[in-house]
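These are the residues of each chain, in order.
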Amino acid sequence: MNYNAESALSSLVSKRKLCPTPQCSKESDFNIFKALKIQNNEVLICRFLAALLEPMGSHKMGITPLKEFLKIIGISADDAELEQASIVLEKTTDKYRRIDIVIYINNKIIPIEAKVWYYDREKQLSDYYNYLFKSKKETSNKIYYLTPDGHAPSPESLVNLKLNEDVICISFKEHIRNWVKKLKNDSNVDDEIKTILKYFEEVVDAMCKEYNELNSIYTALSLNDNQEYTNRMKLS
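Let me begin by describing the structure that accompanies this report. (Residues numbered from 1 in each chain as written. Predicted model: local features only at pLDDT ≥ 70, side-chain atom pairs only at ≥ 80, totals over all residues. Heavy atoms only, no water.)

A few words on the overall build of the protein. Along the protein, the regular secondary structure elements total 9 helices and 5 strands. Going residue by residue from the N terminus, the α and β elements of the protein occur as α-α-α-α-α-β-β-β-α-β-α-β-α-α. At a minimum sequence separation of 6, the contacts of the protein that also span at least 24 residues come to 61%. (Helix = DSSP H or I, 4+ residues; strand = E, 2+ residues; numbered from the N terminus. Contact = heavy atoms within 4.5 Å.)

Below you can see the structure in the form of structure tokens.
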């Protein structure tokens, strides 16, 4: 292992030893999301996102969360349309795959596929697109690919789909965090909901930080492997 990889790994291990439990985090409040380690569970994360997006949800914010989320990803819709919107979790396709979240607004279909700690499967996004849009290549037909840092899906998942046209990359770090922050700062939102949003914002920050740390380690290890291969080639 080279110095960069060893240094990055040592740094991450040290931080985990210094802060093994939520009690030693900088936040003074007890964060139930962190206690349940929701940042490590894509299913729970998507359930929470879907609950916020639901126009008739118990959050008592009405269409505001959905409306603000759509603004952030560049989609407009009338309030009357949003009131009739439907949010579906784990939509099952004809190939028995599950799309994390699908938003239905009138004739609009807005699928969201979240990836935090897992890789894409072969033809995953391509299958989703073909199932939802019946292979019709229209400008409004897009899949929103949600990751901690907004990175692109694998070519094996895209197949013939075009990035930035058929598939739009969005991130927890920017889009979700900005969305949650906007809702949290809304004066019409109940204090209880604001506290929940604050906790989720902290979870998003922690998740993105851990993702970046692990990604740095993987990058360093990859560079080290490539360098070792180059050295062996020189000696052969």
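Formed by 44 residues in total, the largest nonpolar core has its most connected members in F69, L70, I103, F172 and I176. Looking at this core, the elements with two or more residues in it are α3 (42-53), α4 (64-72), β2 (98-105), β3 (108-114), β4 (143-147), α8 (172-184) and α9 (191-235). Broken down by element, this core gets its largest block of residues, 8 residues, from α9. Those residues in contact with I103 that lie beyond four places of it in its chain are L53, L66, F69, S86, I87, K108, I109, I110 and I112. (Core = buried A, V, L, I, M, F, W, Y, C linked by side-chain atoms within 4.5 Å. Buried < 20%, exposed > 50% of the residue type's maximum accessible area, 1.4 Å probe, protein only.)

On to the sheet that holds β4, then. With mixed pairing, the 5 strands of this open sheet are ordered in space as β1-β2-β3-β4-β5. Of all the strands in the sheet, just β1 (86-92) and β5 (167-171) have a single pairing partner and so form its edges. Taken over all neighbouring pairs, the strand axes of this sheet differ in orientation by 30 degrees on average, direction set aside. The pairing of β1 with β2 spans 6 bridges and is classified as antiparallel. Considered in β2, the bridge of V88 is made with V102. (Pairing = 2+ DSSP bridges. Axes fitted to C-alpha atoms, helices over the stretch in contact; angles between N-to-C directions.)

Moving on to α4. Listed as buried for α4 are P65, L66, E68, F69 and L70. Two residues or fewer past α4, G74 is found with a positive phi of approximately 85 degrees.

This paragraph deals with the pattern of salt bridges. For the coordinates displayed, the defined rule picks out 10 salt bridges. Its salt-bridge partner being R97, residue D127 comes within 2.8 Å of it at the nearest N-O pair. With D127 in helix α6 (residues 124-133) and R97 in the loop between β1 and β2, the pair connects residues that are 30 residues apart, well separated along the chain. The class for D127 is buried, based on a relative accessible area of 11%. In this structure R97 comes out as buried when scored by relative accessible area, which is 19%. Across the pair K184 and E201 runs a salt bridge whose closest N-O atoms are separated by 2.6 Å. Highlighted residues: K184 in helix α8 and E201 in helix α9, separated in sequence by 17 residues. A network of salt bridges, in which partner residues are shared, links R177, K184, E201 and D205. (Salt bridge = Lys/Arg side-chain N within 4 Å of Asp/Glu carboxyl O.)

What follows deals with empty space enclosed by the protein. Counted by the stated rule, this structure contains 1 cavity of 30 Å³ or more. Taken together, L49, L53, F69, I101, I112, L146, I176 and W179 make up the lining of the largest cavity. Mapped onto the lining of the largest cavity, the elements with two or more residues apiece are α3 and α8. Grouping the amino acids of the lining of the largest cavity by side-chain chemistry returns 8 nonpolar, no polar and no charged. (1 Å grid on protein atoms, 1.4 Å probe; cavity = no way out; pocket = protein on both sides within 12 Å on 5 of 7 lines; lining within 4 Å. Points joined across faces, edges and corners; volume = space filled by probe spheres on them. Nonpolar A, V, L, I, M, F, W, Y, C, P; charged D, E, K, R; others polar.)

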